[in-house]
Amino acid sequence: MSDQSSKNTQFSSEAINGYPVVLLVFGFLPITLGTEGGITTAFGLIFISVVWISLGIVPLFSENRTTSVYIASIILIAVGSGIGGLWVVTILKVLFFETKMFMVNDWVLVVASVSANLAVLIGSIVILKVSPVTLSLRLGVGALVVASAYPIGHGVVSIVLSIINDVPPIFTPAGKAMTAILNGGAIVVWTLLIPRKVLQEKVRLVVPLGIVCGISFIGIGLAYIIEAI
C-alpha cells in the first residue's frame, strides 16, 4: 500500500514539473490570434479554453494531491472557463449591439492573455509550495515569473491606456516580441534545470522537445522585431 502511495506521489510530482512549459505556450497563444478574422479567433480561444480546463482537471485525479495542487487546479479551470465564457459574451455583444469585430477581438485577446499569464504566475508559486526547494527550482521559477509577469504588465497598461484614450487595447509588436523571447528563454531554462533531471530517464524526448520549443519562441520574438523594423 505504501509502495502504491509512493508511486502516486512521484507521478504527481513528475507531472507537475512538465506543466510550466505547456502553460507558457498556451499563455502566449492569445496574443497571436486576431489577425485571421473572428471565426479563427473564436476557434483558437475555444481550443485554448479546453486545454486550460483539461490541465486543471488532470491533477484532481491524483490520489495524493495537496491543497496547493487542488487550488492551482481550480485556478486553471476557472481561467479556462473564463476565456471560453469571455468569447461567448463578446460574440453576443457583436450580434446584438453592432460592435466592430476587431474591437471585440482586441479586448478578448488582451484580457485572455492577462488571465492566462496570471494563472502561470500563480502556478509558479504553487510549484514552490509542493516541491523540495532547491537552487535550480528557484532559478526555474524565477524565469517563469519574469516570463509571465511581463505580458501581465503589458496587457494591464494596454487596457488602462485604451480606457483613457477610448480605443481597443493591443499588444504592440515590441510587446509580442519581448513576450515571445521571455517565454522562450523561460522554457529553455526550466527544461534544462528541472525536467532534465526528473524526466529524462523515463521520457527521453522531453528535454530536446522543450529546448526546441524554447528556441522556436525566441525565433518568433526575433521575427516580430524584424517585422516591426
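Residues numbered from 1 in each chain as written. Predicted model: local features only at pLDDT ≥ 70, side-chain atom pairs only at ≥ 80, totals over all residues. Heavy atoms only, no water.

## Quick word on the overall build of the chain
- Counting its regular elements, the chain contains 8 helices and 0 strands.
- Ordered by position in the sequence, the α and β elements of the chain form the string α-α-α-α-α-α-α-α.
- In the chain, the proportion of contacts linking residues at least 24 apart, taken out of those at least 6 apart, comes to 75%.
- Accessible surface, the chain as shown: approximately 12100 Å² in total, 72% of it carbon and sulfur. (Helix = DSSP H or I, 4+ residues; strand = E, 2+ residues; numbered from the N terminus. Contact = heavy atoms within 4.5 Å. Areas by Shrake-Rupley, 256 points an atom, 1.4 Å probe, with all protein chains shown as cover.)

## Quick word on a nonpolar patch on the surface
- Together, V156, V157, V160, L161 and I164 make up a nonpolar patch on the protein surface, roughly 430 Å² of accessible area in all.
- Turning to its location among the elements, L161 is positioned in helix α5 (residues 135–165). (Patch = residues over 30% accessible without salt bridge, like charges linked within 9 Å, V, L, I, M, F, W, Y side chains within 5 Å. Salt bridge = Lys/Arg side-chain N within 4 Å of Asp/Glu carboxyl O.)

## Thoughts on the packing of aromatic side chains
- Inspection of every chain in the model, using the stated rule, returns 2 aromatic pairs.
- Ring centres 5.8 Å apart and planes at 50° place the aromatic pair F26 and F47 in the tilted group. Here F26 is found in helix α1 (residues 2–28), whereas its partner F47 is found in helix α2 (residues 38–57), with 21 residues between them in sequence.
- Assessed through its relative accessible area of 14%, F26 is described here as buried.
- On the accessibility criterion, F47 (47% relative accessible area) is partly exposed.
- Taking the centre distance of 5.1 Å and the plane angle of 65° together, the rings of F28 and F217 count as edge-to-face. Remark: F217 occurs in helix α8 (residues 206–228) and F28 occurs in helix α1; sequence separation between them is 189 residues. Considered together, F28 and F217 belong to a single accessibility category, that of buried residues. (Phe/Tyr/Trp six-rings, centres within 6.5 Å; stacked < 30°, edge-to-face > 60°. Buried < 20%, exposed > 50% of the residue type's maximum accessible area, 1.4 Å probe, protein only.)

## Section: the confidence of the model for the chain
- Averaged over all residues, the pLDDT of the chain is 76; the fraction at 70 or higher stands at 74%.
- Under a pLDDT of 50 for its full length, residues 1–11 has, in the predicted model, 6 contacts with residues more than four places off or in other chains. (pLDDT = per-residue confidence, 0-100.)

## Here's the deal with the packing of helix α6 (residues 173–193) against α8
- Viewed as axis vectors pointing N to C, α6 and α8 meet at an angle of 165°, and their least axial separation amounts to 8 Å. By the criterion of interaxial angle, the relationship of α6 to α8 is roughly antiparallel. The handedness of the crossing between α6 and α8 comes out as left-handed.
- A breakdown of the residues in the contact of α6 with α8 according to their chemical character gives 19 nonpolar, 7 polar and 1 charged. (Axes fitted to C-alpha atoms, helices over the stretch in contact; angles between N-to-C directions. Parallel < 35°, antiparallel > 145°, perpendicular 65-115°, else oblique. Left-handed = near helix turned anticlockwise from the far one by under 90°. Nonpolar A, V, L, I, M, F, W, Y, C, P; charged D, E, K, R; others polar.)

## Details of the nonpolar core
- Counting residues in hydrophobic clusters, the biggest one holds 40 residues, and the most contacted among them are L24, L45, I48, W52, L76, I83 and W190.
- Listing elements by their share of this core, those giving two or more residues are α1, α2, α3 (67–97), α4 (101–130), α5, α6 and α8.
- The element that contributes the greatest number of residues to this core is α4, accounting for 8 residues.
- Leave out the neighbours within four places in its chain, and I48 touches F26, L29, P30, L33 and I83. (Core = buried A, V, L, I, M, F, W, Y, C linked by side-chain atoms within 4.5 Å.)

## Topic: α8
- For α8, with 23 residues, the first-to-last C-alpha span of 33 Å sits near the 33 Å given by 1.5 Å per residue.
- Every buried residue of α8 is accounted for by V207, G210, G214, F217, G221 and Y224. (Expected span 1.5 Å × (residues − 1).)

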